[in-house]
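Secondary and tertiary structure notes
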Amino acid sequence: MSAAPVLSNAISYRPETPTDRADAEALVLDVFGPGRFAKTAERLRERATMAAGFIAHDEGRVVGSVRLWSITVGGLDALFLGPIAVTEDHRRSGLGADLVHACIGEAQHRSVGGVLLVGDLAYFSRFGFEAAPDVVLPGPADPRRVLWLNITSMAPLGLALPA
């Protein structure tokens, strides 16, 4: 049985800084384990430059992290979202949703074509993400989990990433 979510007024959100990098990496490793390095999403991140990241702190402890990566999809500037990592004691508290909203706001600020991610449509559809089965990733991925959120009206679904 997992721990109940921690609801604290002490949670603060801010952009990731270089001094957060080790804590963010440790959190992601704790949440996803070393198996994350075998995933197609990791291949995409290896080819991209980190565009932005956001950290959630609770009483001085990093309890959430998410990153955005600069990519091009069908000739459009876009962002790849992930991984989202939240400590077990803060899951189901809305912290993950707050981090996704921060990413969407960053994408809107940058006026990119859209945001791509690999995730659960049932969770991400509430933010406006749709299945993007025609997007081809640099490795195997369940097409039902490849999701796209239009940011500009010129960004259609069905664009392929460069090989």
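Everything numeric here is computed off the predicted structure, so don't read it as measured data. (Residues numbered from 1 in each chain as written. Predicted model: local features only at pLDDT ≥ 70, side-chain atom pairs only at ≥ 80, totals over all residues. Heavy atoms only, no water.)

Attention shifts here to the confidence of the model for the protein chain. Within the protein chain, residue pLDDT values average 83, and 84% of them lie at 70 or more. When the elements of the protein chain are averaged for pLDDT, helix H2 (residues 40-47) gives the smallest value, 78, and helix H4 (residues 121-124) the largest, 96. This model gives residues 1-8 a pLDDT under 50, and the stretch forms 17 contacts once residues within four places in sequence are excluded. (pLDDT = per-residue confidence, 0-100. Helix = DSSP H or I, 4+ residues; strand = E, 2+ residues; numbered from the N terminus. Contact = heavy atoms within 4.5 Å.)

As a further point, take the pairing of strand E6 (residues 114-118). Burial analysis of E6 places 4 of its 5 residues in the buried class, which makes it a mostly covered element. Bridge analysis of strand E4 (residues 76-81) against E6 gives 3 bridges, and the strand direction is parallel. By the bridge assignment, Phe-80 is partnered in E6 with Leu-116. Of the strand pairs in this sheet, E6 and strand E8 (residues 146-150) are connected by 5 bridges, and their pairing is antiparallel. Its bridge partner lying in E8, Gly-114 is registered against Asn-150. (Buried < 20%, exposed > 50% of the residue type's maximum accessible area, 1.4 Å probe, protein only. Pairing = 2+ DSSP bridges.)

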